[in-house]
Protein chains: 2
Amino acid sequence: MPKPLIIWTYDWVPGGKGSPRGHVRDIRLRWACEEAGIAYEVRTVPFDERGPEHFARQPFGQVPFLEDDGIVIFESGAALLHLAGKSDVLMPRDRQGAAETLQWIVAALNSIEMVTVPWWFIGLSTSGDNPLEGWMAMRLEHLEKVLATREWLAAGRFTAADILMADVLRIPKVRGFGTFPALGAYVERACARPAFRKAKDDQMAHFAAADTCRAEVPMK
Amino acid sequence: MPKPLIIWTYDWVPGGKGSPRGHVRDIRLRWACEEAGIAYEVRTVPFDERGPEHFARQPFGQVPFLEDDGIVIFESGAALLHLAGKSDVLMPRDRQGAAETLQWIVAALNSIEMVTVPWWFIGLSTSGDNPLEGWMAMRLEHLEKVLATREWLAAGRFTAADILMADVLRIPKVRGFGTFPALGAYVERACARPAFRKAKDDQMAHFAAADTCRAEVPMK
């Protein structure tokens, strides 16, 4: 029997306003495993003190990373592509379908998230106009045109590209998709899937349980 | 005999100060093909007027995209991964080496370029402090630690991950890698490779030839 995969994430992240709970990127891997019926366990590294063991496996001190029978792979996008190699639920096996899935996974990472995450980061730290506002609107407008004509991004069906793109779009979604109705409907559609809901509920429960443990341990 | 691959790029981009010549991302695919000895042709779409045919193949109106025997794949990172499937020069075939190459390709796209390109974009358009300066320095510092201990990123040898990471690092390199000597040496080492030099020379010649053509055609 193959060993279950291990999804590594933080032991805890802060709750409250602006909390990353529900958005920590292990959700991408949980979601993919739930869609594909791949067995997995979740293990943790400390959020507060990121030591050499963590950096040895994730050189930027982030999560998630995926452990698969001796292989450790970091970057949620890379781990997702690794998982996609295990199940055609996540990525079709025909040349055309595989190429479409691959290109939309990278588009989510490098054409959309490359703008949305810096936009979000700047919004957190500065109060004036966001210099990435116009660029983000332009990228979302291009994507709106694509999603106005189809239900899912690649291969005429749900794939790992939708896991990544929908998760990426949850960040700009916080301020509403007023002029981009297809994007709003797409994120709703993706996040209504039972596999997403289970992944999100499990992540929320994971961090809520950590609150309980921390409350029982005296602060240093 | 297999058909040569087609790398699609712009017919022309502006020259002069701040010109993207030498940085248009078809260079990533040219470089990979040169490293792996994969035959390719270069074809063009108009830079000035990006029509429906262009957007049908690249929904963000960008370049490059790769055509491979009926398959068209956009996003330079996706096209690079597609090429990596054709040659173990670009990506080792063992599980460990393949996972390392994949993770560093995605790290270049989503941990480094996700900061460096918005940093560059903001620097072009605003004159004050760059709100991404600190974040970029932190990411480069993490990468410096990795490259201080090894010649290439993955699998103990040059791979497609180095093509992507070195090209990504050419952007922050413009202001110098003062406190990151390993990054500076890494980009020098990668860009000294004959395959990079040929790819860059060919791209420069491609756009220079386009200048000549434009000079012969009366402006509209």
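Predicted, not measured: the structure shown is a model, and the values here were computed from it.

(A) Geometry of the overall build of chain A. When helices and strands are tallied, chain A shows 8 helices and 4 strands. In chain A, the order of α-helices and β-strands from amino to carboxyl end is β-α-β-α-β-β-α-α-α-α-α-α. A globule of 220 residues ought to have a C-alpha radius of gyration of about 17 Å, and chain A, at 18 Å, matches this closely. Here the C-alpha coordinates of chain A stretch approximately 55 × 50 × 30 Å along the principal axes. A separation threshold of at least 6 residues defines the contact pool for chain A, and within that pool the share at least 24 residues apart is 69%. With an accessible surface of roughly 9,600 Å², chain A has 56% of that area assigned to carbon and sulfur atoms. Taking the 26 positively charged and 28 negatively charged side chains of chain A as two groups, their mean positions are separated by 2 Å.

(B) Layout of the pairing of strand 3 (residues 65–68) of chain A. Residue and element names in this part refer to chain A. Bridge count for strand 1 (residues 5–10) against strand 3 is 3 bridges, and the pairing is antiparallel. The residue bridging Trp-8 from the neighbouring strand is Phe-65, located in strand 3. Two successive antiparallel strands, strand 3 and strand 4 (residues 71–74), enclose a turn made up of 2 residues, where Asp-69 displays a positive phi of approximately 50 degrees.

(C) Representation of the UniProt feature "domain: GST N-terminal" (unreviewed entry) in chain A. Per the UniProt entry, the sites bearing "domain: GST N-terminal" (unreviewed entry) are residues 13–91 of chain A in this numbering. The span residues 13–91 of chain A is 33% helix and 18% strand, and its two end C-alpha atoms sit 31 Å from each other.

(D) Here's a closer look at the packing of helix 3 (residues 76–84) of chain A against helix 4 (residues 95–125) of chain B. One can describe the packing of helix 3 of chain A onto helix 4 of chain B by two numbers: an axis separation of 8 Å at closest approach and a directional angle of 140 degrees. If you check the angle between helix 3 of chain A and helix 4 of chain B, you find them oblique. Helix 3 of chain A and helix 4 of chain B meet at a crossing whose hand is right-handed. Here Gly-77, Ala-78, Leu-81 and His-82 of chain A of helix 3 of chain A come into contact with helix 4 of chain B, specifically with Leu-102, Gln-103 and Val-106 of chain B. When its residues are assigned to classes, the contact of helix 3 of chain A with helix 4 of chain B shows 4 nonpolar, 3 polar and no charged.

(E) The nonpolar core, seen in detail. Of all hydrophobic cores here, the largest spans 153 residues; its most connected members are Trp-104, Leu-143 and Leu-169 of chain A together with Trp-104, Leu-143 and Leu-169 of chain B. Those residues in contact with Trp-104 of chain B, other than ones at most four positions away along the chain, are Pro-59, Phe-60 and Phe-74 of chain A together with Leu-143, Val-146, Arg-150, Leu-153, Ala-154, Ala-161 and Met-165 of chain B.

(F) Geometry of the sheet that holds strand 3 (residues 65–68) of chain B. All names here are of chain B. An order of 2-1-3-4 is seen for the 4 strands of this open sheet, with the pairing classed as mixed. The open sheet has two edge strands with one neighbour each: strand 2 (40–45) and strand 4 (71–74). In this sheet, adjacent strand axes meet at a mean angle of 25 degrees when their direction is disregarded. On top of the sheet, helix 8 (residues 194–216) reaches strand 1 (5–10) and strand 2; it is set at about 55 degrees to strand 1, its chief contact.

Basis of the calculations
- Residues numbered from 1 in each chain as written.
- Chains lettered and ligands numbered in written order.
- Predicted model: local features only at pLDDT ≥ 70, side-chain atom pairs only at ≥ 80, totals over all residues.
- Heavy atoms only, no water.
- Helix = DSSP H or I, 4+ residues; strand = E, 2+ residues; numbered from the N terminus.
- Rg over C-alpha atoms; globule rule 2.2 N^0.38 Å.
- Contact = heavy atoms within 4.5 Å.
- Areas by Shrake-Rupley, 256 points an atom, 1.4 Å probe, with all protein chains shown as cover.
- Lys, Arg positive; Asp, Glu negative; His and termini not counted.
- Charge placed at Lys NZ, Arg CZ, Asp CG, Glu CD.
- Pairing = 2+ DSSP bridges.
- UniProt positions renumbered as here; feature names shortened; annotations may be inferred.
- Axes fitted to C-alpha atoms, helices over the stretch in contact; angles between N-to-C directions.
- Parallel < 35°, antiparallel > 145°, perpendicular 65-115°, else oblique.
- Left-handed = near helix turned anticlockwise from the far one by under 90°.
- Nonpolar A, V, L, I, M, F, W, Y, C, P; charged D, E, K, R; others polar.
- Core = buried A, V, L, I, M, F, W, Y, C linked by side-chain atoms within 4.5 Å.
- Buried < 20%, exposed > 50% of the residue type's maximum accessible area, 1.4 Å probe, protein only.

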